[in-house]
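Chain and residue survey
If you want the building blocks of each chain, they are given just below.
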Amino acid sequence: MNSVPPAEDTMLCHRRAAGRSCNARMAVSLRTGLPFRVRVWQIFLSVVAGVAAVTPAAGQGGAESPGVVVRKIVMERAPIFEQKDLDRIPWLPLSWANKLHVDTREDVILNELLFEEGGYLDPEHLQESERKLRGLGIFADVVVAAVPAAGDSVDIMVRTKEVWTTAVDVGYESFEDERLVSLSVSERNLLGSARRVDMDFDSGIDRSSWSVGLRDPQLFDGTWQTAVSFRDADDGNSWGASIGRPYQSLTDERSWSLNVSSREFSPRFYIDDSEWVRPDGRFNNVSVGAGWKIGATPRYVWNTSVGFLLESQDLDSEQSLEVETPSGTLEERVTFPDEPKENHSWRTVYVGISQRTRRYDELRFVRGMGKVEDVPIGVNTALSLGWTTRALGSTTSGLFVSGNVNWSVRGGESWLHTLNASMQGLINEGGGRDLRFVTSVRGLHTVRNGVIFATGMRFGAISQADRHQVLSLGLESGLRAARFREFNGDRLLRANVELRFVYTPGVWDIIVPGITLFGDTGASWFEDGRDFRPEILRGAYGIGFRMGFLRSADELPFRLDLAWPALYDTDRSAPVVSIGMGQVF
């Protein structure tokens, strides 16, 4: 099912309890002998009531001063390459980049600020405005600072540095006779408006496709967002559209969203972990939701939400289909079952509660290669409970569950640990219907300047999995000497380790190169087909090259990995080549 939007996720170089009555109510509900779904709802509503009781409501700030007055907002805007850059590298035509680039419009910058001239300034809004401007992905650097002015007023200095926003991303992965090629061209600041246009081409094993998309983060008064996309593939078309007003700040009062998508394609439907068929299918999703702030503490902000989800998927039955394997197509054919269990229409009404941390640290070399990254420190959680019911036209009834926890902690200036856990699915009389639980742990340790030790682990499990939405492990998903989606199942175990060497000073303050030594291991399997044994683990080791671009809108580094297989029974051609954007984990 479509996930309910979780709490917003936004080294290593640092810049700068419920009441007794609530617990009693929960204890009583567990002893009443009521149906399971009623007890769950009572517990959930008790938690919401407890949070609302112990956190101050919006606007209840006591007798605190509203703050100082913003006298004026002063813009300081730097081009992609300043004069010192041109003087340092006179033999490169850097000035042409400044001439061809359209600078960001001033109104785009003003729309992201959480204050205005003549209004009162909340000091927290300085850093939030800075994060919002960085989040547009169209600036190399952003600084928002208050400067004392006459009387009890301040001037706000907003310094921004432009980047080259036309990006060409190339992806290439090769294993023996398999080739996956992708090309993406995007303009992330169309005519200085912060609008983004994407054009993509993919040529893979399953299908070839092209797509176009448009995103506007500042629709109407600058607080609305919208996006549309269209994709044409060998096995069908798809489209999507969304519009909404997200929370404008951590303490904003409300948000809402509407998302619609439709897709026709022939997915891999797995018979077991190494054989599949490709039935024709149609998939539709609609979600609408609204959220409100219900309270805040010095460390966290609490929100609640309500919404409606509609999902339908229809795989054509009684088809005679070829059986495919990683090594080719088999001669046998199978008849796809009549009315497969994966076909369904679910309509769900839900309510949710979320907690967002108010602490963000400005770090470097977390996922990128030198640019400032706003990393939430603390616990971000989101939980939604709903009821999927035949009364609304669903093909089944049950308790809908969607939850996410993201927990990041710092260990001094050199350690960053992140835990992410998510769960989603339907619980009814038959147990968990496509109930998914995935958790990952990631650690970064700066051994010394320019040397980072990175580790990652990932575990996943699905109850009554849809056989076309399984957990995969392969060349594109963390096992760099495997075939594309070589291992599949309703269980996943994966571990990765990298030693990253980064030339942190950069070259001409334009590019940041790096080298990575890595090791991967993991397995994916169907629980009803086999038990986990160490013998099913497969691995890879190798060397990679990274390149970060400080004057480009690409926040993720260019990646080239050469991998050799390990823990395989048979010889494999090596090295396996993987080219793309971003870190593997």
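All values reported here derive from a predicted model rather than from experimental measurement.

**As for the overall build of the protein**
When helices and strands are tallied, the protein shows six helices and 31 strands. Expressed as a percentage of its 585 residues, the buried residues of the protein come to 49%. Accessible area for the protein stands at about 27,400 Å²; split by element, carbon and sulfur atoms hold 57% of it.

**What about the confidence of the model for the protein?**
Mean pLDDT over the protein stands at 85; residues scoring 70 or higher make up 88%. Overall, residues 53–64 carries pLDDT values under 50, and its contacts beyond four positions in sequence, including any with other chains, amount to 14 contacts.

**Side note on the side chain of Arg 134**
Relative to the helices and strands, Arg 134 is located in helix α6 (residues 124–135). Apart from the residues within four sequence positions on either side, Arg 134 is in contact with Val 142, Glu 362, Val 372, Asp 374 and Glu 555.

**A closer look at the environment of Lys 293**
Mapped onto the elements, Lys 293 comes out in strand β13 (residues 281–296). The buried category is assigned to Lys 293, whose relative accessible area is 15%. On a C-alpha basis, the gap between Lys 293 and Tyr 247 in space is 9.4 Å, while along the polypeptide they are 46 residues apart.

**Observations regarding the nonpolar core**
The biggest cluster of nonpolar side chains holds 19 residues, and the ones touching the most others in it are Phe 115, Leu 133, Val 144, Ile 156 and Val 158. Counting only elements with at least two residues in this core, the list comes to β1 (69–78), α5 (106–112), α6, β2 (139–148) and β3 (153–162). Every residue in contact with Val 158, bar those within four places of it in the chain, is listed here: Ile 73, Val 74, Met 75, Glu 76, Ile 109, Leu 113, Leu 133, Val 143 and Val 144. Formed by 17 residues, the second largest nonpolar core is a distinct cluster that contains Phe 518, Ala 540, Ala 563 and Tyr 568.

**Some points on the pairing of strand β6 (residues 196–203)**
Summarising the sheet, strand β5 (residues 178–187) and β6 pair through seven bridges and their orientation is antiparallel. Following the sheet pairing, Ser 186 is matched in β6 by Asp 198. The pairing of β6 with strand β7 (residues 208–219) spans eight bridges and is classified as antiparallel. Within β7, the residue paired with Phe 201 across the bridge is Trp 210. Joining the antiparallel neighbours β6 and β7 is a turn of four residues.

**What about α6?**
Think of an α-helix as turning once every 3.6 residues; residues three or four places apart then point the same way. End to end, α6 covers 17 Å across 12 residues, agreeing with the expected 16 Å (1.5 Å per residue, within 8%). Among the 12 residues in α6, nine count as buried, and that is most of the element. Taken as a whole, α6 has its buried residues at His 125, Leu 126, Glu 128, Ser 129, Glu 130, Arg 131, Lys 132, Leu 133 and Arg 134. A positive phi of about 75 degrees marks Gly 137, the residue just after α6.

**Points about the sheet that holds β3**
Ordered by their spatial adjacency, three strands build an open sheet running β1-β3-β2, and the pairing between neighbours is mixed. Because the sheet does not close on itself, it has two edges, and the strands there are β1 and β2. Ignoring which end each strand starts from, the neighbouring axes of this sheet average 15 degrees apart. Where α6 meets the sheet, its contacts fall on β2 and β3, and the angle it forms with β2 comes to roughly 160 degrees.

**Some points on the environment of Asp 202**
Structurally, the position occupied by Asp 202 is in strand β6. A relative accessible area of 34% places Asp 202 in the partly exposed class. Each C-alpha atom, one on Asp 202 and one on Ser 184, is 8.6 Å from the other, the two residues being 18 residues apart in sequence. Apart from the residues lying within four places of it in its own chain, the contact partners of Asp 202 are Val 181, Ser 182, Arg 207, Ser 208 and Ser 209.

**Structural notes on the pairing of strand β8 (residues 224–233)**
Here β7 pairs with β8 via nine bridges, running antiparallel. Considered in β8, the bridge of Arg 215 is made with Ala 227. Two successive antiparallel strands, β7 and β8, enclose a turn made up of four residues, where Phe 220 displays a positive phi of approximately 55 degrees. Here β8 pairs with strand β9 (residues 236–245) via nine bridges, running antiparallel. Considered in β9, the bridge of Asp 232 is made with Asn 237. As consecutive antiparallel partners, β8 and β9 are separated by two residues.

**Quick notes on the pattern of salt bridges**
Under the defined criterion, the tally for this structure stands at 39 salt bridges. Taking the shortest distance from any N to any O, the salt bridge between Lys 161 and Glu 82 comes out at 2.9 Å. Separated by 79 residues along the polypeptide, Lys 161 in strand β3 and Glu 82 in the loop between β1 and α3 (83–88) bring together distant segments of the chain. The closest approach of N and O atoms between Asp 374 and Arg 134, which form a salt bridge, is 2.8 Å. Residue Asp 374 is found in strand β19 (residues 373–376), and its partner Arg 134 is found in helix α6; the two are separated by 240 residues along the sequence.

**Concerning the packing of aromatic side chains**
How two aromatic rings sit relative to each other is set out by the distance from centre to centre and by the angle between their planes. The full count for this structure, using the stated rule, is eight aromatic pairs. Between Trp 91 and Trp 508 the ring centres are 5.5 Å apart and the planes differ by 80 degrees, which places this aromatic pair in the edge-to-face class. Of the two residues, Trp 91 sits in the loop between α3 and α4 (94–100) while Trp 508 sits in the loop between β27 (491–502) and β28 (511–525), which places them 417 residues apart along the sequence. Taking relative accessible area as the criterion, Trp 91 reaches 57% and is therefore assigned exposed. Since its relative accessible area comes to 39%, Trp 508 is described here as partly exposed. Between the aromatic rings of Tyr 270 and Trp 276, the centroid separation amounts to 5.7 Å while the plane-to-plane angle is 55 degrees, which identifies the pairing as tilted. Following the ring pairs from residue to residue traces out a cluster consisting of Phe 220, Trp 224 and Trp 256. It is Arg 131 that lies over the ring of Tyr 360; its NZ or CZ is 4.0 Å from the centre. The residue whose ring lies beneath Arg 263 is Phe 265, and the NZ or CZ to ring-centre distance is 3.8 Å.

Rules behind the numbers
- Residues numbered from 1 in each chain as written.
- Predicted model: local features only at pLDDT ≥ 70, side-chain atom pairs only at ≥ 80, totals over all residues.
- Heavy atoms only, no water.
- Helix = DSSP H or I, 4+ residues; strand = E, 2+ residues; numbered from the N terminus.
- Buried < 20%, exposed > 50% of the residue type's maximum accessible area, 1.4 Å probe, protein only.
- Areas by Shrake-Rupley, 256 points an atom, 1.4 Å probe, with all protein chains shown as cover.
- pLDDT = per-residue confidence, 0-100.
- Contact = heavy atoms within 4.5 Å.
- Core = buried A, V, L, I, M, F, W, Y, C linked by side-chain atoms within 4.5 Å.
- Pairing = 2+ DSSP bridges.
- Expected span 1.5 Å × (residues − 1).
- Axes fitted to C-alpha atoms, helices over the stretch in contact; angles between N-to-C directions.
- Salt bridge = Lys/Arg side-chain N within 4 Å of Asp/Glu carboxyl O.
- Phe/Tyr/Trp six-rings, centres within 6.5 Å; stacked < 30°, edge-to-face > 60°.
- Lys NZ or Arg CZ within 6 Å of the ring centre and 35° of its normal.

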